[in-house]
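Fold and contact review
In case you want the letters, here they are:
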Amino acid sequence: MTIQAPEGMELIYSRPESLAEMHTHYCPGCTHGIAHRLLGEALDELGMRERTILVAPVGCSVFAYNYFDTDACEAAHGRAPAMATGVKRTRPDNIVVTYQGDGDLAAIGTAEIIHAAARGEQITTIFINNAIYGMTGGQMAPTTLPGQKTRSSPDGRDVEIAGFPIRMSEVLATLPGAAYIVRRSMHDVKNIRKAKKAIITALKVQEAGLGFSMVELLSSCPTNWGIQPNEALQWIEEHMVPYYPLEDYKVIEAVKNL
Amino acid sequence: MTIQAPEGMELIYSRPESLAEMHTHYCPGCTHGIAHRLLGEALDELGMRERTILVAPVGCSVFAYNYFDTDACEAAHGRAPAMATGVKRTRPDNIVVTYQGDGDLAAIGTAEIIHAAARGEQITTIFINNAIYGMTGGQMAPTTLPGQKTRSSPDGRDVEIAGFPIRMSEVLATLPGAAYIVRRSMHDVKNIRKAKKAIITALKVQEAGLGFSMVELLSSCPTNWGIQPNEALQWIEEHMVPYYPLEDYKVIEAVKNL
Amino acid sequence: MQEEFVFSGFGGQGVMFLGQLLAYAAMDEGLEVTWIPSYGPEMRGGTAHCTVVIADQPIGSPIVRNPKTAVVFNLPSFEKYESLVKPDGLIAINSALIEDKCTRTDINALEVPATSLAEEVGSVRVANIVMLGALLTALPVIPIERVKAALEGHLPKHRRNLLEINFSALARGAEYVNAMG
Amino acid sequence: MQEEFVFSGFGGQGVMFLGQLLAYAAMDEGLEVTWIPSYGPEMRGGTAHCTVVIADQPIGSPIVRNPKTAVVFNLPSFEKYESLVKPDGLIAINSALIEDKCTRTDINALEVPATSLAEEVGSVRVANIVMLGALLTALPVIPIERVKAALEGHLPKHRRNLLEINFSALARGAEYVNAMG
Amino acid sequence: MPVDKDVGVNDTMAKQMLKGNIAIAEAALRAGLEAYFGYPITPQTELLEHLSKRMVDEGRVFLQAESEVAAINMVYGAASTGARVMTSSSSPGISLMQEGMSYIAGSELPVVIVDVMRGGPGLGNILPAQGDYFQVTRSAGHGDFHPIVLAPASVQEAIDFTVLAFDLAEKYRHMVIIAADGQIGQMMEPAELPEMKPINKVRPDWALTGANGRGKRIITSIYLSGEEMETFNQKIQDRLVEIKLNEQRWAELYTDDCVLLVIGYGTAGRIARSAVEAAREKGLKVGLLRPQTLYPFPDDRISELADYTEGCLVVEMNAGQMVDDVRLAVGGQIPVSFYGRMGGIVPLPDEILEAIEDTYEKLTIHTPK
Amino acid sequence: MPVDKDVGVNDTMAKQMLKGNIAIAEAALRAGLEAYFGYPITPQTELLEHLSKRMVDEGRVFLQAESEVAAINMVYGAASTGARVMTSSSSPGISLMQEGMSYIAGSELPVVIVDVMRGGPGLGNILPAQGDYFQVTRSAGHGDFHPIVLAPASVQEAIDFTVLAFDLAEKYRHMVIIAADGQIGQMMEPAELPEMKPINKVRPDWALTGANGRGKRIITSIYLSGEEMETFNQKIQDRLVEIKLNEQRWAELYTDDCVLLVIGYGTAGRIARSAVEAAREKGLKVGLLRPQTLYPFPDDRISELADYTEGCLVVEMNAGQMVDDVRLAVGGQIPVSFYGRMGGIVPLPDEILEAIEDTYEKLTIHTPK
Amino acid sequence: MARGTIIIDQDRCKGCGLCPEVCPKQIIVMEETLLNAKGYHPAVLADPDGECTGCAICAVICPDICITVFREIPDKKRAPAPA
Amino acid sequence: MARGTIIIDQDRCKGCGLCPEVCPKQIIVMEETLLNAKGYHPAVLADPDGECTGCAICAVICPDICITVFREIPDKKRAPAPA
Ligand SMILES: Cc1ncc(C[n+]2csc(CCOP(=O)(O)OP(=O)(O)O)c2C)c(N)n1
Ligand SMILES: Cc1ncc(C[n+]2csc(CCOP(=O)(O)OP(=O)(O)O)c2C)c(N)n1
Ligand code: SF4
Ligand code: SF4
Ligand code: SF4
Ligand code: SF4
Ligand code: SF4
Ligand code: SF4
Ligand SMILES: [Mg+2]
Ligand SMILES: [Mg+2]
């Protein structure tokens with residue numbers, strides 16, 4: 001669908017080419033949509049669409065393969081980094097991106113993401129941390145905050161039973177193969193813009209063959225948090241950001257020269 | 001077998017009670033034997049033998065369940081922390097110890113150890129890092145050093161292909177649930193003594209319910225390294241210690257007061 | 001005797017609870033009953049539906065391809081189920097949101113502006129209950145009193161304060177159908 | 001024709017290579033042959049053994065419960081295989097390390113102080129080759145020349161310097177048996 | 001995909017509308033479940049969710065594991081201490097548990113595993129299916145073993161089989177799988193829950209509790225020597241023979257005079273019932289056998305029925321898996337036809353009726369010869 | 001447990017002594033293997049070790065994964081790009097791959113998986129076994145599918161089947177499992193390797209290569225709607241029918257006049273051959289059929305032979321698994337006996353001979369009647 | 001400040017209400033009377049006074065890429081008028 | 001320094017050679033002429049001059065717990081001689 005510019009006006013913003021026209025199945029106000037847009041814009045700006053192979057996860061973003069206008073495959077739950085490894089090793093000239101939720105990456109797929117990072121696998125991971133298992137209806141994730149109520153921690157996450165949430169960026173930053181690991185958020189326009197810059201950097205890291213790159217994005221799940229989309233953005237700012245600081249956890253020297 | 005003290009002499013050292021009399025199947029000079037002894041002595045000194053449930057791994061120490069005179073079970077490869085979790089949660093008053101190799105803990109069992117630590121699981125892990133898969137005949141482990149020759153990195157570990165070795169203590173120390181994470185070595189008498197102290201502390205941490213505790217022990221595999229036992233100890237000191245510093249990676253405040 | 005109902009609408013329109021309510025009432029009536037949900041890939045939004053089967057014999061399939069009765073709350077549901085209802089069956093339409101008319105002549109259509117009637121009694125959120133009142137008046141398989149009892153028994157505690165408005169909604173739906181004559 | 005050999009000893013005594021060498025020679029001789037290893041739980045030390053079957057027909061089982069010939073390098077192997085050898089079979093014993101004598105009268109025993117003879121030719125490490133020389137002299141299923149060729153063909157490159165000592169070892173073993181008469 | 005959020009359970013033992021998943025969870029709890037470990041997956045998740053509240057409230061062990069691999073190994077650990085323990089999942093998650101299940105079998109531990117099957121292979125979909133019949137009955141992991149497999153066809157049966165599962169598991173020191181499907185998990189029906197039982201504090205004499213004043217105990221699945229391993233395998237096989245002898249369970253209807261025997265389990269069996277009733281109304285002599293145990297398969301009864309029946313029609317929600325067991329049971333005595341739907345499609349009574357009529361016709365054509 | 005460290009491969013194509021594991025590895029390489037992902041496990045490890053050197057030397061992809069779960073998902077990724085890809089493992093590792101295998105089946109990707117089976121269940125031991133017959137033929141993961149399964153009985157066959165495996169995988173876009181056992185993996189025999197082939201740079205038209213100047217391509221196993229999923233399942237089933245029609249493979253011996261047909265595959269089949277020869281020498285009319293494809297099972301030939309044979313004896317290194325397939329193939333026509341050893345014990349020719357004699361005797365007692 | 005405008009794709013919009021929140025000019029409103037095919041009340045631009053600056057902030061927050069943004073072509077950029 | 005001695009379990013010893021390396025008195029030797037049941041040349045104490053201090057360093061390094069260590073009972077500890 002191309003939209004005609006009104007008389008005397010020029011187009012400032014429209015859907016990135018790397019995204020397909022298809023409507024998404026995401027809930028109203030879910031920031032998965034924003035993350036898709038940012039990745040799409042980044043691929044556009046870097047001219048990477050035709051070289052990209054996307055690895056979609058199991059999670060709310062399971063249909064990401066439909067929403068991007070790139071080649072794509074769908075990994076088993078948590079195994080996107082392993083699948084991406086298989087793709088990248090046999091297609092070293094392609095840009096390989098995994099898009100993963102926090103249940104996917106920080107629970108069942110812990111070993112795969114750690115080892116992809118440790119190997120310095122030349123892939124880029126977009127890590128959507130919404131502190132919950134969205135797709136299965138809102139159970140506790142490894143990233144669920146202490147006291148946060150979910151469908152499987154109905155009285156709030158009890159750290160005596162379930163432990164404290166994992167900070168994956170901090171964990172992955174300890175690994176030598178990781179070149180670029182940062183955490184950003186999507187709770188307001190300023191942070192969304194920063195997030196996009198980080199995604200662009202991460203993709204450039206891959207292009208330059210510097211090692212594993214990951215952008216963690218704090219994301220909302222208004223549906224399973226049981227609040228309105230705008231309240232959800234506030235909740236990110238007020239509750240998630242303090243526990244998950246928006247920082248650069250690892251930026252190797254070569255990245256700074258990109 | 002009780003040994004009669006010679007006339008006028010008193011017993012200074014003999015096999016700890018927590019170890020069974022059985023001979024081990026370990027190769028000559030393999031420090032798995034030393035680690036067993038240290039754990040046995042620690043259990044003796046703390047009077048824990050009758051309360052301990054050991055979780056043996058898959059690896060050269062697969063028969064650890066035979067060698068300790070405690071209740072014991074044998075986990076699937078890498079899953080000792082999960083099995084230990086099942087044991088500890090249903091037997092909170094028992095002392096639960098996993099004994100794991102580097103292939104077991106740092107490769108296939110990465111997710112399980114990370115999440116046990118993240119949950120602050122009240123178990124103690126003895127982590128035998130010998131930079132190789134001993135039992136299967138000497139393949140590359142995640143901890144194999146750059147350039148180190150193994151049966152599956154015959155020209156030496158190529159970091160371009162396999163990445164840099166993982167330092168598990170450093171990784172686990174990032175997790176809030178971990179109370180005590182240290183690395184020690186068994187390459188000489190002084191370090192062996194330090195290792196034993198660390199094991200005692202780790203068990204006390206569990207006893208006090210402070211969280212997850214782990215002692216990483218640099219260990220030798222003369223057979224698969226293809227050198228003599230004493231050379232192997234030297235190799236630990238010269239090659240492993242520089243890459244795997246012998247430090248305290250996490251000691252929460254409460255541990256210091258034990 | 002076997003009655004089959006499909007309730008269908010956007011997520012959030014309360015079709016799942018509606019079906020459950022009917023099922024509770026049927027159970028209390030001493031009948032065999034099954035309730036089964038079905039969802040699209042969307043967590044919120046999208047169309048969801050549930051099927052309720054009520055019978056005096058053990059129920060084989062809780063799913064029916066061609067239900068005797070379909071109760072539709074939005075256009076996609078109407079479009080999907082209009083053609084599926086069994087001949088001589090009934091389609092109950094929330095005419096406040098669905099402008100289209102039923103074009104089949106071999107089934108009965110019951111148009112109820114449930115959303116508007118619900119607004120009248122105080123909240124669009126009870127449109128589902130209005131519809132149930134209307135439905136059980138047009139098709140009296142279960143006495144409305146049973147539904148009231150079921151509401152009393154099964155409304156979650158923190159929603160007890162809504163009992164009155166739900167009763168009004170039931171009554172409003174019934175009234176609407178009775179008024180139609 | 002089918003010949004079966006078990007070679008058994010401590011890990012490190014070279015029984016695996018010994019079996020392989022015989023297998024290579026048999027293959028070069030144009031015969032069917034299989035070699036199969038077996039280990040205890042120990043990586044080093046402990047007892048290891050391998051089985052070699054040589055035949056002029058396709059070989060069914062590469063494993064034999066009762067071999068025609070057992071070649072034993074240590075006491076545990078002797079104890080295990082003495083009773084297993086087929087009647088009329090042969091047990092070749094490294095008498096330098098095994099003091100016990102074969103007590104069965106329905107099999108032949110060949111005592112060769114292989115370790116000592118190997119020391120004579122220059123290294124205990126070729127005790128296995130000494131034994132092969134002795135064995136093939138007592139039981140000439142394959143010409144020793146074939147073994148020599150196999151050594152030339154299959155000794156890993158970095159061990160080529162050991163060719164001469166291996167040849168001497170073969171000769172010493174043969175000589176020992178010949179001297180026994 | 002969303003799940004219903006308002007389905008609770010009353011304390012009462014009277015009949016109440018219960019969702020299958022919740023019914024199983026609550027029944028397990030009341031049967032004295034001491035520990036539960038699991039991981040969310042549709043269409044099983046409500047089971048885990050229900051226990052996340054109830055187990056904690058009752059002071060028992062509930063833990064959401066980091067994966068199904070971890071969950072089954074936690075179960076392995078908890079079972080080693082003699083605790084009543086359960087996990088639940090759906091097809092892909094059960095695949096991930098295969099190694100752990102094999103270890104549990106090799107260690108002879110009594111555990112209960114709930115599989116709420118969905119459409120496959122791969123991620124497939126979340127609709128009800130029976131495509132994992134072979135996986136649960138034949139090879140729940142590597143090596144020579146079979147779990148006991150119970151297949152409920154209603155919410156009430158799901159409850160009853162949950163209680164039975166623990167009893168069988170402990171009686172035989174054997175793994176029991178409750179093989180439900182998405183429909184059993186997701187539907188609500190009136191059903192009665194059992195009485196609440198406290199957890200059993202008495203530990204069996206093989207359980208790990210610490211070698212306190214007694215010799216040590218070991219739980220392991222290793223038998224290095226072939227002889228020992230074979231002896232162990234024989235022990236399992238002997239036990240399976242015993243189980244086959246004692247535990248074949250099924251329900252049947254109109255089998256005294258049937259010409260055609262319809263066989264189906266779980267949801268397919270339940271729906272086949274309606275079709276059989278309809279066929280009877282049409283005057284066809286059709287009977288129904290619904291296996292309740294998939295392992296041990298009710299061979300004996302089926303082979304008995306084959307003596308005076310002229311044909312079999314097997315109905316499954318897959319491409320034809322149990323049909324092999326039926327063929328093995330009838331051993332060529334009578335023809336076996338198959339009607340199946342795949343990919344999460346549940347066959348409806350009228351389709352099955354049509355299949356019955358088709359098969360019946362062919363049979364009666366053949367009969368005169 | 002130690003592995004032989006000195007077994008190399010010569011460049012030559014002439015006969016050489018080769019260990020099964022290494023023969024498979026080298027054959028795969030020569031067949032144009034582009035990428036290998038695996039994890040060490042006895043008795044398969046030499047395969048991985050051999051490729052760790054050879055693949056790197058040839059500039060191809062070798063990666064030791066962090067686990068079998070990762071390995072199979074790397075295979076899944078590499079196969080998505082149209083590369084010839086393989087992994088190998090042994091029983092417990094194959095259990096861990098079940099989920100990934102099901103995804104690969106659901107995505108219709110041609111991959112080759114080598115399973116060098118060992119004694120189970122659980123950790124079991126490292127001796128040769130066939131206890132995973134059901135796992136590989138029936139339910140290599142959840143959902144309705146079957147891989148093609150090849151069972152070599154010699155080192156030469158291991159080589160030939162490796163080459164064949166890639167061809168079949170690509171011909172049908174289907175998973176192929178080479179089901180060997182510890183004996184095939186560990187033994188050395190003289191064998192010939194195929195010629196060296198370069199890797200095929202031409203990608204099939206479904207492969208992910210980047211949507212460069214063409215529409216995007218997707219590899220997925222999701223079919224949310226039951227109808228689509230069923231259509232996909234039907235496609236798999238149709239393909240399986242085609243495979244059954246075209247690809248049944250077996251070897252046979254003395255089948256023209258046999259009274260008793262012995263059936264065994266892999267190592268058991270090979271050893272049975274010796275027993276059959278011995279039986280013939282004793283004048284017993286015994287034949288041998290050795291299935292080379294376990295899926296598709298050579299039903300047709302067996303059912304044909306059942307017409308003029310009086311009985312079957314199935315020999316396996318397990319508690320009796322393929323015997324079900326034989327029973328299904330003969331459909332009650334002739335009695336089927338079973339002789340099995342478990343736990344890593346390999347039956348010897350004389351034991352099988354004894355079983356043959358026993359069975360034969362009973363048959364000939366029956367025959368006159 | 002440059003004058004601009006936006007077009008909101010009414011079919012795509014899920015009525016999440018984020019764009020009205022962030023628009024610095026507060027000129028986007030949720031149209032409760034409209035219901036699109038997906039059952040949502042979409043956002044609409046209510047900019048009678050031409051306040052929109054084309055800043056694209058609304059587009060940046062929109063999770064569903066419903067918003068296309070235009071801005072007046074600055075004079076320097078305009079093609080010289082023919083003649 | 002206290003006088004001591006050790007007993008090496010010859011059956012357990014795997015001849016790894018670690019204890020001779022660490023003994024400060026260098027009084028443990030590998031006995032190449034002995035071969036134990038496991039096929040190893042075990043370590044033996046060669047302490048004709050009673051140099052062993054019972055420091056237990058050898059026991060600390062031994063991976064196979066072959067070494068039992070004794071030390072002379074210090075005078076103060078000895079029970080008073082009866083009468
Ligand atoms: C092996 C396996 N286990 C469980 C599931 C069920 N499942 C689907 S998505 C999901 C979690 C999704 O959470 P997350 O990764 O945080 O993504 P989100 O939906 O929050 O974006 C789970 C557990 C599955 N499909 N496969
Ligand atoms: C699922 C599975 N994969 C692989 C193996 C084979 N295996 C046995 S031990 C081992 C590695 C042991 O290495 P490590 O943990 O470092 O212990 P070590 O032997 O060095 O002490 C492997 C890969 C197995 N038993 N199970
Ligand atoms: S469930 Fe949560 S994460 Fe998933 S689409 Fe809805 S809002 Fe987004
Ligand atoms: S192989 Fe290595 S780690 Fe294993 S027992 Fe021998 S020396 Fe120790
Ligand atoms: S472009 Fe800026 S001013 Fe115009 S509607 Fe969007 S946010 Fe408001
Ligand atoms: S942000 Fe997008 S989806 Fe949300 S209301 Fe505005 S236009 Fe609609
Ligand atoms: S106790 Fe000390 S002095 Fe005595 S042998 Fe041992 S190390 Fe040497
Ligand atoms: S350290 Fe122990 S095993 Fe090694 S030589 Fe000394 S006594 Fe023997
Ligand atoms: Mg999430
Ligand atoms: Mg190791």
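Residues numbered from 1 in each chain as written. Chains lettered and ligands numbered in written order. Predicted model: local features only at pLDDT ≥ 70, side-chain atom pairs only at ≥ 80, totals over all residues. Heavy atoms only, no water.

Observations concerning the overall build of chain C
Stated formally: Under the scheme used here, helices are H or I runs from DSSP no shorter than 4 residues and strands are E runs no shorter than 2 residues, and both carry numbers assigned from the N terminus. For the exposure calls, accessible area comes from a 1.4 Å probe over protein chains only, and a residue counts as buried if that area is under 20% of its type's maximum, exposed if over 50%, partly exposed in between. Residues are treated as being in contact if the distance between any of their heavy atoms lies within 4.5 Å. Note on areas: Shrake-Rupley with a 1.4 Å probe; residue coverage comes only from the protein chains shown.
In terms of regular secondary structure, chain C is built from 6 helices and 6 strands. Starting at the N terminus and walking to the C terminus, you meet the elements of chain C as β-α-β-β-β-α-β-β-α-α-α-α. Counting only C-alpha atoms, chain C reaches 40 × 40 × 40 Å along its principal axes. When burial is assessed residue by residue, chain C has 55% of its 181 residues classed as buried. The long-range fraction of contacts in chain C, counting pairs at least 24 apart against all pairs at least 6 apart in sequence, stands at 54%. Taken as a whole, chain C presents about 7300 Å² of accessible surface, with 49% of it coming from carbon and sulfur.

Points about the coordination of the magnesium ion (ligand 9)
Residue and element names in this part refer to chain A. Under the convention used in this document: Metal donors: N, O and S atoms at distances within 2.8 Å, or within 3.2 Å for Na, K and Ca, with water omitted from the atom set so that some sites may seem incomplete.
Around the magnesium ion (ligand 9), the protein supplies Asp102 (OD), Asn130 (OD1) and Ile132 (O) as donor atoms, at distances of 2.0 to 2.1 Å. All donors of the magnesium ion (ligand 9) belong to a single chain; written as a sequence motif, their spacing is D-x27-N-x1-I. With a gap of 28 residues between them, Asp102 in helix α4 (residues 102-108) and Asn130 in the loop between β5 (124-129) and α6 (159-162) connect regions that are remote in the sequence.

Here we look at a negative patch on the surface
Residue and element names in this part refer to chain E. So the rule is basically this: Here a patch means residues that are over 30% exposed by relative accessible area and free of salt bridges, tied together within 9 Å if like-charged and within 5 Å if nonpolar (Val, Leu, Ile, Met, Phe, Trp, Tyr). Salt bridge, as applied in this entry: a Lys or Arg side-chain nitrogen positioned within 4 Å of an Asp or Glu carboxyl oxygen. When charges are counted, Lys and Arg are positive and Asp and Glu negative, with His and the chain ends excluded. To locate a charge, take NZ of a lysine, CZ of an arginine, CG of an aspartate or CD of a glutamate.
A cluster of acidic residues, Asp350, Glu354, Asp358 and Glu361, forms a negative patch at the surface. Of note, Glu354 is situated in helix α13 (residues 349-366). The exposed category is assigned to Glu354, whose relative accessible area is 54%.

Section: the sheet that holds strand β13 (residues 293-295) of chain E
Residues and elements named next belong to chain E. What counts, and what does not: A pair of strands counts as paired when DSSP detects no fewer than two bridges linking them. Structural elements are reduced to axes, namely lines fitted to C-alpha atoms, with helices fitted over the stretch in contact, and the angle between N-to-C directions of any two is expressed from 0 to 180 degrees.
Ordered by their spatial adjacency, 7 strands build an open sheet running β3-β2-β4-β5-β7-β6-β13, and the pairing between neighbours is mixed. Each of the sheet's edge strands pairs with one partner strand only, and the pair in question is β3 (61-64) and β13. For this sheet, the mean angle separating the axes of adjacent strands, direction not counted, is 20 degrees. Relative to β3, helix α2 (residues 45-57) is tilted by about 140 degrees, and along the sheet it contacts β2 (35-38), β3, β4 (85-89) and β5 (112-117).

Overview of the relation of the copies chain E and chain F
Rules: Our superposition of the copies is a least-squares fit, built on the C-alpha atoms of residues whose pLDDT is at least 70 in both.
The operation relating chain E to chain F is a screw motion whose rotation component is 180 degrees, with 0.0 Å of axial translation and a residual RMSD of 0.0 Å. On the angle and the small slide along the axis, the relation comes out as a two-fold axis. Considering only C-alpha atoms, the part of chain E nearest the rotation axis is Gly332(E), at 2.4 Å. Mapped onto chain F, 100% of the interface residues of chain E are again interface residues, and the two copies thus contact each other with one and the same surface.

Describing the packing of helix α11 (residues 299-307) of chain E against helix α12 (residues 322-330) of chain E
Residues and elements named next belong to chain E. Condition: Each angle receives one of four descriptions, namely roughly parallel if under 35 degrees, roughly antiparallel if over 145, roughly perpendicular if within 65 to 115, and oblique otherwise. A crossing counts as left-handed when the near helix is turned anticlockwise from the far one by less than a right angle, and as right-handed when that turn is clockwise.
Orientation of α11 relative to α12, taken along the N-to-C sense of each, is 60 degrees, at an axis distance of 8 Å. One element, α11, and the other, α12, form an angle in the oblique class. Viewed along their axes, α11 and α12 form a crossing whose handedness is right-handed. Residues Asp299, Ile302, Ser303 and Ala306 of α11 form the contact with α12, whose participating residues are Asp325, Ala329 and Val330.

Description of the site of ligand 6
Note the threshold: Residues are classed as near a molecule or strand on a simple rule: at least one heavy atom within 4 Å of it. In this count, Pro and Cys sit with the nonpolar residues alongside Ala, Val, Leu, Ile, Met, Phe, Trp and Tyr, while Asp, Glu, Lys and Arg are called charged and the others, Gly among them, polar.
Around ligand 6, a shell composed of 13 residues is seen, among which Cys13(G), Cys16(G), Gly17(G), Cys19(G) and Cys62(G) lie nearest. By residue class, the composition of the shell around ligand 6 is 10 nonpolar, 2 polar and 1 charged.

Considerations on the interface of chain C and chain A
Basically, it comes down to this: As a working definition, buried area equals the accessible area (1.4 Å probe) given up by two parts on being put together, with both sides summed. In the analysis that follows, any N or O atom pair within 3.5 Å is treated as a polar contact, provided that within protein one partner can donate a hydrogen and the other can accept it, and provided that, for residues neighboring in sequence, both atoms belong to side chains.
Taken residue by residue, the interface counts 4 residues in chain C and 12 residues in chain A. For the pair chain C and chain A, the two sides together bury roughly 620 Å², of which 68% comes from carbon and sulfur. Linking chain C with chain A are 0 salt bridges. On inspection of chain C and its partner chain A, the count reaches 0 residue pairs in polar contact (both at pLDDT 80 or more).

Things to note about the side chain of Asp132(F)
On the secondary structure map, Asp132(F) appears in the loop between β5 (112-117) and α6 (133-137). Salt bridges are absent for the buried Asp132(F), whose nearest opposite-charge side chain, Arg118(F), sits at 8.0 Å. The contact partners of Asp132(F), leaving out residues within four places of it in the chain, are His142(E), Gly143(E), Ser91(F), Asp115(F), Met117(F) and Gln321(F).

Observations regarding the packing of aromatic side chains
Cut-off, in case you're wondering: Pairing of aromatic rings covers Phe, Tyr and Trp, the last counted by its six-membered ring, and requires centre-to-centre distances within 6.5 Å; plane angles under 30 degrees mean stacked, over 60 mean edge-to-face, and any other angle means tilted.
Counting across every chain of the model gives 22 aromatic pairs over all chains. Both rings, one in Tyr243(B) and one in Tyr244(B), keep their centres 5.0 Å apart while their planes meet at 70 degrees; by these two values the pair is edge-to-face. Relative accessible area serves as the criterion here: at 14%, Tyr243(B) is assigned to the buried category. Its relative accessible area of 0% is what places Tyr244(B) among the buried residues. Judged by centre distance (6.3 Å) and plane angle (70 degrees), the rings of Tyr133(E) and Phe134(E) are edge-to-face.

As for helix α7 (residues 155-172) of chain E
Helical geometry: 3.6 residues make up each α-helical turn, so side chains three or four residues apart lie on a common side. Residue and element names in this part refer to chain E. What counts, and what does not: Expected helix span is computed as 1.5 Å times (number of residues minus one).
In this model, α7 (18 residues) spans 25 Å end to end at C-alpha, consistent with the 26 Å of a helix rising 1.5 Å per residue. Turning to α7, its buried residues are Val155, Glu157, Ala158, Ile159, Phe161, Thr162, Leu164, Ala165, Phe166, Leu168, Ala169 and Tyr172. Phi turns positive one or two residues past the end of α7, at Arg173, with a value near 50 degrees.

Some details on the arrangement of the chains
In this assembly, 16 pairs of chains are in contact, and the pair with the greatest number of contacts comprises chains E and F. The two units chain E and chain H never meet; even their closest C-alpha atoms stay 19 Å apart. With no contact between them, chain F and chain H keep their nearest C-alpha atoms 17 Å apart.

Let's talk about helix α3 (residues 114-121) of chain D
All names here are of chain D. Selection rule: By definition, the arc is the one covered by directions from the helix axis to the C-beta atoms.
Within α3, burial applies to Ala114, Thr115, Leu117 and Ala118. Summarising the axial view, the buried residues of α3 lie within an arc of 160 degrees, below the 170-degree limit, and thus occupy one face. Across α3 from its buried face, at more than 90 degrees, point the exposed residues Glu119 and Glu120. Of the surrounding elements, those touching the buried residues of α3 are β5 (90-94), β6 (108-112), α4 (127-138) and α6 (163-180). At the C-terminal side of α3, Gly122 shows a positive phi close to 135 degrees.

Regarding the pattern of salt bridges
Using the criterion set out here, one finds 102 salt bridges over all chains in the structure. In this structure, the salt-bridge partner of Glu207(A) is Arg51(A), at a minimum N-O distance of 2.8 Å. Placement of Glu207(A) in helix α8 (residues 189-207) and of Arg51(A) in the loop between α1 (32-45) and β2 (52-56) is noted, with a sequence separation of 156 residues between them. When its relative accessible area of 44% is taken as the criterion, Glu207(A) is described as partly exposed. Since its relative accessible area comes to 28%, Arg51(A) is described here as partly exposed. Salt-bridge contacts for Arg249(E) lead to Glu247(E); the nearest nitrogen and oxygen are separated by 2.6 Å. Residue class for Arg249(E) comes out partly exposed when judged on its relative accessible area of 25%. A residue is classified by how much of its surface remains accessible, and Glu247(E), at 4% relative accessible area, is buried.

A closer look at the sheet that holds strand β1 (residues 9-13) of chain A
Here we have 3 strands laid out as an open sheet, ordered β1(A)-β4(G)-β1(G), and antiparallel in their pairing. The sheet terminates laterally at β1 of chain A together with β1 (4-8) of chain G, the two strands that pair on one side only. Each adjacent strand pair in this sheet contributes to an overall mean axis angle of 30 degrees, direction not counted. Across 5 bridges, β1(G) lies against strand β4 (residues 67-72) of chain G in antiparallel orientation. Bridge assignment links Ile6(G) to a residue of β4(G), and that residue is Val69(G).

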